[in-house]
Amino acid sequence: MLSVREQLHTTVFSQCYSPGGRHLAVCTNFGHIAIFSVSAALLSDTTESQHRPLFMFKAHDGPVYTLASTDKLLISAGTGEIQAWNWADILSKTPKVIWTVSIPDSYKLYSPEINSLVLDSKGTDYKLYAGCGDNNIYIWDVEAGVLQTTLKGHTDYIHDIALRAASHECVTASEDGTVRIWDTRTPQHAVHALEPYKIESCNRPERGKWIGCVAVDAGDDWMVCGGGPRLSLWYLRSLTSTTTFDTPKACQQCAMFYEDTIISAGSEAYVNHWYVNGDLKGRVPCKPTSVFNVSINTESDNNKVLTVAGSSSMIDVCTNFGYRAFSLTVC
């Protein structure tokens, strides 16, 4: 149980769904991971208790910034360390660390935070990408626990990572204002470096040049990114910006492609649904005043929801994506 003070000051940085999609894991600034039953929360006769965690445990000494999931493991990251937990242990309320990997000690004085974890399941083994506060992206072989590659070139910390589905490329967003495209077979330097803040239609100097989010569509042709500059859509074959999405009062901190739309959210209490031509399809009010993560449960058709997390102990649940149906509470 969280104290009243902790609950008032809780931030949920990331979330992910269990294999099969029946459960949702979220992580907080107090180092906790909370597990909710999505299937129970969606029942017609649900009670308030089913909007609270089934189970919550202390996973890291400091904040937990990001989560990722394989078919067996929940992977969490905070400052300096990445840890893996067996889903079966968590759901039986007996979590224990399966393995731990540490970020190489680049700065010597302190351990960098891990802001983004992305899993690549192409091929026979999982690869884990970690975007960190030391400006680097690290790639591990999950099964072997071996650091395979380090991508160096950004001059400030990494906010987000996206993978291109049909290639060996990854795309990274950084505080330095660039979006870099890497071919992991030749990791010595980025293949391309895009600078949205230098594009007139994207530039907002009063909000800075940092890029807080990046996503690539399933066809690998389009990329969306944003942060200080306006959220923008890029055609990857020509590396040109084609569309901007204007949120004059907010910086976008998360973005994703969904069917024929783009979903984004950031430093205001709304989730935006956009058409790809830049028109706003809809804005959904949400509980967090600043949104750090929007996630869709693609693991289960029966429990398909959109969940919204950020600077609140409440995680909004949207059943048809167009409005908030109810909220889960970390408590």
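What counts, and at which threshold
- Residues numbered from 1 in each chain as written.
- Predicted model: local features only at pLDDT ≥ 70, side-chain atom pairs only at ≥ 80, totals over all residues.
- Heavy atoms only, no water.
- Helix = DSSP H or I, 4+ residues; strand = E, 2+ residues; numbered from the N terminus.
- Rg over C-alpha atoms; globule rule 2.2 N^0.38 Å.
- Buried < 20%, exposed > 50% of the residue type's maximum accessible area, 1.4 Å probe, protein only.
- Contact = heavy atoms within 4.5 Å.
- Areas by Shrake-Rupley, 256 points an atom, 1.4 Å probe, with all protein chains shown as cover.
- Lys, Arg positive; Asp, Glu negative; His and termini not counted.
- Charge placed at Lys NZ, Arg CZ, Asp CG, Glu CD.
- Salt bridge = Lys/Arg side-chain N within 4 Å of Asp/Glu carboxyl O.
- Pairing = 2+ DSSP bridges.
- Axes fitted to C-alpha atoms, helices over the stretch in contact; angles between N-to-C directions.
- Core = buried A, V, L, I, M, F, W, Y, C linked by side-chain atoms within 4.5 Å.

### Concerning the overall build of the protein chain
Each helix and strand counted, the protein chain has three helices and 28 strands in total. For 331 residues, the compact-globule formula gives about 20 Å, and the C-alpha radius of gyration of the protein chain, at 19 Å, lands near that figure. Structurally, the protein chain occupies a C-alpha span of about 50 × 45 × 40 Å along its principal axes. The buried share of the protein chain, taken over its 331 residues, is 56%. Residue pairs at least 24 apart in sequence account for 45% of intrachain contacts in the protein chain once pairs closer than 6 positions are excluded. Surface summary for the protein chain: the accessible area is close to 14,200 Å², and the carbon and sulfur share equals 48%. The centroid of the 26 positive side-chain charges in the protein chain is displaced by 3 Å from the centroid of its 34 negative side-chain charges.

### Here we look at unusual backbone geometry
Trans peptide bonds make up most of the peptide bonds, and negative phi angles are found at most residues other than glycine. Here the phi dihedral of K93 falls at roughly 65 degrees; this positive angle occurs in a residue that is not glycine. Within the secondary structure, K93 is located in the loop between α3 (87-91) and β8 (97-102). Positive phi outside glycine occurs at N135, with the angle close to 80 degrees. Along the polypeptide, N135 turns up in the loop between β10 (127-132) and β11 (137-141).

### With respect to the pattern of salt bridges
Tallied over the full model, the rule gives eight salt bridges. Measuring nitrogen to oxygen at the nearest pair gives 3.0 Å for the salt bridge that ties R237 to D221. Taken together, the positions of R237 in the loop between β19 (231-235) and β20 (240-245) and D221 in the loop between β17 (211-216) and β18 (222-227) put the pair 16 residues apart, joining distant regions of the chain. Take R237: its relative accessible area is 65%, and that puts it in the exposed class. Across the pair R283 and E268 runs a salt bridge, and its minimum N-O distance is 2.5 Å. Placement of R283 in strand β24 (residues 280-285) and of E268 in strand β23 (residues 268-275) is noted, with a sequence separation of 15 residues between them. On the basis of relative accessibility, which here comes to 14%, the residue E268 falls in the buried class.

### Points about the environment of A265
For A265, the location among the structural elements is in strand β22 (residues 261-266). In this structure A265 comes out as buried when scored by relative accessible area, which is 0%. As a C-alpha pair, A265 and R324 span 59 residues in sequence and 14 Å in three-dimensional space. Setting aside its immediate chain neighbours within four residues, A265 contacts Q252, Q253, C254, Y270, V271, V291 and V294.

### Here's the deal with the sheet that holds strand β14 (residues 169-174)
One open sheet accounts for four strands, arranged β13-β14-β15-β16; its pairing is antiparallel. Every other strand in the sheet has two partners, leaving β13 (158-163) and β16 (192-194) as the edge strands with one partner each. Mean inter-strand twist for the sheet, computed between neighbouring axes without regard to direction, equals 20 degrees. Note that β14 and strand β15 (residues 179-183) share five bridges and pair antiparallel. Bridge pairing links A173 to V179 in β15.

### Looking at the sheet that holds β18
A sheet is described by the order of its strands in space; here four strands give the open sequence β17-β18-β19-β20, paired in antiparallel fashion. In this open sheet, the two edge strands, each paired with only one partner strand, are β17 and β20. For this sheet, the mean inter-axis angle between neighbouring strands, taken without regard to orientation, is 25 degrees. One ladder, built from four bridges, connects β18 with β19; its direction is antiparallel. Paired with V224 across the strands is L233, a residue of β19.

### Considering the pairing of β19
Here β19 lies mainly inside the structure; four of its five residues are buried. Remark: three residues form the turn of the hairpin made by β18 and β19, two consecutive strands paired antiparallel. Taken together, the five bridges between β19 and β20 define a ladder with antiparallel strand orientation. From the neighbouring strand, Y235 faces β20, where its bridge partner is T240. The antiparallel hairpin formed by β19 and β20 contains four residues in its connecting segment, where L239 sits at a positive phi of about 55 degrees.

### A few points about the nonpolar core
Membership of the largest hydrophobic core comes to 18 residues, with the highest contact counts inside it found for I75, I82, W99, I114, L117, L128 and W140. Taken together, the elements giving at least two residues each to this core come down to β6 (73-77), β7 (81-86), β8, β9 (114-120), β10 and β11. Those residues in contact with W99, other than ones at most four positions away along the chain, are L73, I75, I82, Q83, A84, L128 and V142. Judged by nonpolar contacts, the second largest core, of 16 residues, contains Y17, F36, A309 and I315.

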